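# Architecture and fold: a report
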Amino acid sequence: MTSPKGPTLTVVPGAKSDSAPSGVRTLQPSGWPKPKGYANGMTADGRIVVTGGVIGWDSEEKLQPDFISQVRQALQNIKDILGEGGAKPEHLVRLTWYVVDIEEYMGSLKELGKAYRDVFGAHYPAMALVQVVRLVERAARVEIEATAVVPR
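Presented here is a report on the structure given in the accompanying data block. (Residues numbered from 1 in each chain as written. Predicted model: local features only at pLDDT ≥ 70, side-chain atom pairs only at ≥ 80, totals over all residues. Heavy atoms only, no water.)

### Here we look at helix 3 (residues 109–120)
The line we're drawing: In DSSP terms, a helix is any run of H or I states spanning at least four residues, a strand is any run of E spanning at least two, and both are numbered starting from the N terminus. A helix is expected to span 1.5 Å for every residue after the first. Throughout this description, buried means an accessible area under 20% of the type-specific maximum (1.4 Å probe, protein chains only), exposed means over 50%, and partly exposed covers the range between. Each C-beta atom gives one direction from the helix axis, and the arc is the one those directions make. Any two residues having at least one pair of non-hydrogen atoms within 4.5 Å are treated as being in contact.
The end-to-end C-alpha distance of helix 3 is 16 Å, a good match for the 16 Å that 12 residues give at a rise of 1.5 Å each. Listed in full, the buried residues belonging to helix 3 are Leu112, Gly113, Ala115, Tyr116, Val119 and Phe120. The arc that holds the buried residues of helix 3, viewed along the axis, is 165 degrees, so those residues lie on one side. On its buried face, helix 3 is in contact with helix 1 (67–84), strand 6 (92–99), helix 2 (102–106) and strand 7 (126–131). Gly121, located one to two residues past helix 3, shows a positive phi value of around 80 degrees.

Structure representation (structure tokens):
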């Protein structure tokens, strides 16, 4: 019998804090560099809470004026939606970001990190980033979908 080639998978417990949800784990293949600001994969056991595409507008459907403000508002909107489903940011297992300008995203990493941590703390789920031609709301610069799992 031969051994499989390639990296093995290590399950890394989530953040060590009193608010860390049980059942949510980060998946980190052994030998891979640890990602910064996201996870390669997540596993969880519980009730799923999902959002649609969330943009950076307020309760009156007014968009924030710039990219970072839109990101911050979109993240806050996601946090509010999760709360309606009994979830918290630490229950997030996946975020998919759609941006209209990837250079704007890449040029704003420091500010993005601060906005993210201000709203979600230091919990980093699996994430994907996609540049799109435009979003349904023409003035929107970012749209984010979220998946959370609330432990049983």
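### Focus on helix 1
Helical geometry note: an α-helix holds 3.6 residues per turn, so side chains three or four residues apart project in the same direction. Heads up, the rule is: The term polar contact refers here to a pair of N or O atoms within 3.5 Å; inside protein, the definition further demands a hydrogen-donor-capable atom paired with an acceptor-capable atom, and it admits residues adjacent in sequence only when both atoms are side-chain atoms.
Here helix 1 spans 26 Å end to end across 18 residues, near enough to the 26 Å set by a 1.5 Å rise per residue. Among the residues making up helix 1, those that are buried are Phe67, Gln70, Val71, Ala74, Leu75, Asn77, Ile78 and Leu82. Taken end-on, helix 1 shows its buried residues confined to a sector of 160 degrees, consistent with a single buried face. Against strand 4 (46–50), strand 5 (54–55), strand 6, helix 2, helix 3 and strand 8 (142–151) lie the buried residues of helix 1. Between a side-chain oxygen at the N-terminus of helix 1 and the backbone nitrogen of Ile68 the separation is 3.2 Å; the capping residue is Asp66.

### A look at the environment of Lys79
Of note, Lys79 is situated in helix 1. Take Lys79: its relative accessible area is 32%, and that puts it in the partly exposed class. Linking Lys79 and Leu92, residues 13 residues apart in sequence, is a C-alpha distance of 9.8 Å. Beyond its immediate sequence surroundings of up to four residues, Lys79 is in contact with Pro89, Val119 and Phe120.

By themselves, these observations are geometric and do not establish any function.
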